[in-house]
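Listed below, chain by chain, are the residues.
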Amino acid sequence: MLLSVKNLRKDYRRAQQTFSAVDNISFNMEQGDFVCIMGKSGSGKTTLLNMIAGLLTPSRGKITINDTNLFELNDEQVSAFRNQNIGYIPQGSSLLPNLTALENIRLPFYLTKRANQTSLTYAQQLLEKANVSHLQDAYPANMSGGEMRRIAILRALICQPQIVIADEPTSDLDDESSTEIMQLLTEIHQQGTALLIVTHDHDVANYSQKIMKMAAGRLVE
Ligand SMILES: Nc1ncnc2c1ncn2[C@@H]1O[C@H](COP(=O)(O)OP(=O)(O)O)[C@@H](O)[C@H]1O
Ligand SMILES: [Mg+2]
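Residues numbered from 1 in each chain as written. Chains lettered and ligands numbered in written order. Predicted model: local features only at pLDDT ≥ 70, side-chain atom pairs only at ≥ 80, totals over all residues. Heavy atoms only, no water.

**Student:** Quick question: what am I supposed to make of the overall build of the protein chain here?
**Tutor:** Looking only at helices and strands, the protein chain has seven helices and ten strands in total. For a compact globule of 221 residues, the expected C-alpha radius of gyration is about 17 Å, and the protein chain comes in at 17 Å, within 12% of that figure. Summarising its shape, the C-alpha atoms of the protein chain cover approximately 50 × 40 × 35 Å along the three principal directions. Taking the intrachain contacts of the protein chain between residues at least 6 apart in sequence as the baseline, contacts between residues at least 24 apart amount to 70%. A total accessible area of about 11100 Å² is found for the protein chain, and carbon and sulfur atoms account for 44% of it. Counting 20 positive and 23 negative side-chain charges, the protein chain places the averaged centre of each group 10 Å from the other. (Helix = DSSP H or I, 4+ residues; strand = E, 2+ residues; numbered from the N terminus. Rg over C-alpha atoms; globule rule 2.2 N^0.38 Å. Contact = heavy atoms within 4.5 Å. Areas by Shrake-Rupley, 256 points an atom, 1.4 Å probe, with all protein chains shown as cover. Lys, Arg positive; Asp, Glu negative; His and termini not counted. Charge placed at Lys NZ, Arg CZ, Asp CG, Glu CD.)

**Student:** I keep staring at unusual backbone geometry and nothing clicks. Help me out?
**Tutor:** Excluding glycine, residues mostly have negative phi values, and the peptide bonds linking residues are mostly trans. For Asn131, which is not a glycine, the phi torsion comes out positive at approximately 60 degrees. Structurally, Asn131 is set in the loop between α4 (117-129) and α5 (145-157). A positive phi angle is found at Ala216, which is not glycine, with a value near 50 degrees. Tracing the backbone through its elements, the reader meets Ala216 in the loop between β9 (210-215) and β10 (218-220).

**Student:** Honestly, the sheet that holds strand β4 (residues 60-65) in this entry has me stumped. Any pointers?
**Tutor:** Backbone-to-backbone hydrogen bonds join strands into a sheet, with any given pair of strands oriented parallel or antiparallel. Pairing is antiparallel in the open sheet, where four strands are placed in the order β2-β1-β4-β5. Two strands close off the open sheet at either side, each with one partner strand: β2 (17-29) and β5 (68-69). When strand β1 (residues 3-14) meets β4, the two strands line up antiparallel, connected through five bridges. Across the sheet, the residue bridging to Leu3 is Ile65, located in β4. The sheet contacts of helix α1 (residues 45-52) involve β1, β2 and β4, and relative to β1 the element is tilted by about 125 degrees. (Pairing = 2+ DSSP bridges. Axes fitted to C-alpha atoms, helices over the stretch in contact; angles between N-to-C directions.)

**Student:** Quick question: what am I supposed to make of the site of ligand 1 here?
**Tutor:** Around ligand 1 sit Tyr12, Arg14, Phe19, Ala21, Lys40, Ser41, Gly42, Ser43, Gly44, Lys45, Thr46 and Thr47, and that is every residue in its neighbourhood. The separation between an oxygen atom of ligand 1 and a polar main-chain atom of Gly42 is 2.7 Å. A distance of 2.6 Å is found between an oxygen atom of ligand 1 and a side-chain nitrogen or oxygen belonging to Thr47. Taking 560 Å² as the accessible area of ligand 1 by itself, protein coverage stands at 67%. Listed by contribution, the elements that provide at least two residues to the shell around ligand 1 are β1, β2 and α1. Taken together, the residues that form the shell around ligand 1 break down as three nonpolar, six polar and three charged. (Near = heavy atom within 4 Å. Polar contact = N/O pair within 3.5 Å; in protein donor to acceptor, adjacent residues only side chain to side chain. Nonpolar A, V, L, I, M, F, W, Y, C, P; charged D, E, K, R; others polar.)

**Student:** Which parts of the structure should I look at to understand the pattern of salt bridges?
**Tutor:** Evaluation of the coordinates by the stated rule reveals four salt bridges. Here Asp11 makes a salt bridge to Arg9, at a shortest N to O gap of 3.2 Å. Here Arg9 falls in the partly exposed class, since its relative accessible area comes to 22%. Between Glu180 and Arg150 there is a salt bridge, with its nearest N and O atoms 2.8 Å apart. Here Arg150 lies in helix α5 and Glu180 lies in helix α6 (residues 175-190), a separation of 30 residues in the sequence. (Salt bridge = Lys/Arg side-chain N within 4 Å of Asp/Glu carboxyl O. Buried < 20%, exposed > 50% of the residue type's maximum accessible area, 1.4 Å probe, protein only.)

**Student:** Explain the coordination of the magnesium ion (ligand 2) to me, please; I cannot follow it from the model alone.
**Tutor:** For a metal bound by four donors in a tetrahedral arrangement, the ideal donor-metal-donor angle is 109.5 degrees, while six donors in an octahedral arrangement ideally sit at 90 or 180 degrees. Note on the magnesium ion (ligand 2): its protein donors are Thr46 (OG1) and Gln91 (OE1). The metal-donor distances range over 2.0 to 2.5 Å. Taken together, the positions of Thr46 in helix α1 and Gln91 in the loop between β6 (86-89) and α3 (101-111) put the pair 45 residues apart, joining distant regions of the chain. The exposure class assigned to Thr46 is partly exposed, which follows from its relative accessible area of 29%. (Donors = N, O, S within 2.8 Å, 3.2 Å for Na, K, Ca; no water.)

**Student:** Would you mind going over the pairing of β4 with me for this structure?
**Tutor:** Across a regular strand the side chains alternate sides, sitting on one face of the sheet and then on the other. Pairing analysis gives two bridges linking β4 to β5, with the strands arranged antiparallel. Looking across to β5, one finds that Ile65 is bridged to Thr68. Where β4 folds back onto β5 in an antiparallel hairpin, the turn is made up of two residues, including Asn66, whose phi is positive at roughly 50 degrees.

Here it is, written out as structure tokens:
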């Protein structure tokens, strides 16, 4: 099993009240799956993905990726594990403004002190594959929203993860850019990478093999 999410829960406390932003969610993904979770704003999608990416500790439940229980690892181990196994594309713009496209894509390698020639060549291949080689030395401020999103996707691929997780990958984009982003993600899936996407956009969901629905922290249907 690539990903197993079991009885996952995240409680937040706000205005003296506790509520479950993610409430008892369980599902599995196998290698090469393409799953989409749909839900309205505030339904808990980002909270769920942040836990799966090992960025947020659950209140209850268990997540395993390739049989490794994420929350049995210490902080340093989680970071290393995430770097090697999970490609995470956060919601919104996530590029570092003072790094070029190429440097942003290679960032995961810098962080693990592996910024070698291999990573440079591979990053350049990725830029080429996504038709954005001309942006190699450009800074995020000089890119369109769709271009920035594309660079963020390539950054998620640099460590050749088995699973790519994307939080609203087409939000704030026009129809044409959205289609281009989904074509890029579909290609990644066709090359054998598992894909987990959350979105509120029905057009995006149509690209996936399996759609799950989330409402008020729960999976429904
Ligand atoms: N750190 C936090 N503290 C308290 N409440 C939060 C926090 N983060 C998110 N929430 C709340 O949890 C719910 C789910 O948020 P989120 O996971 O961002 O939903 P979505 O991504 O589906 O829009 C929302 O009601 C949001 O306001
Ligand atoms: Mg969100």
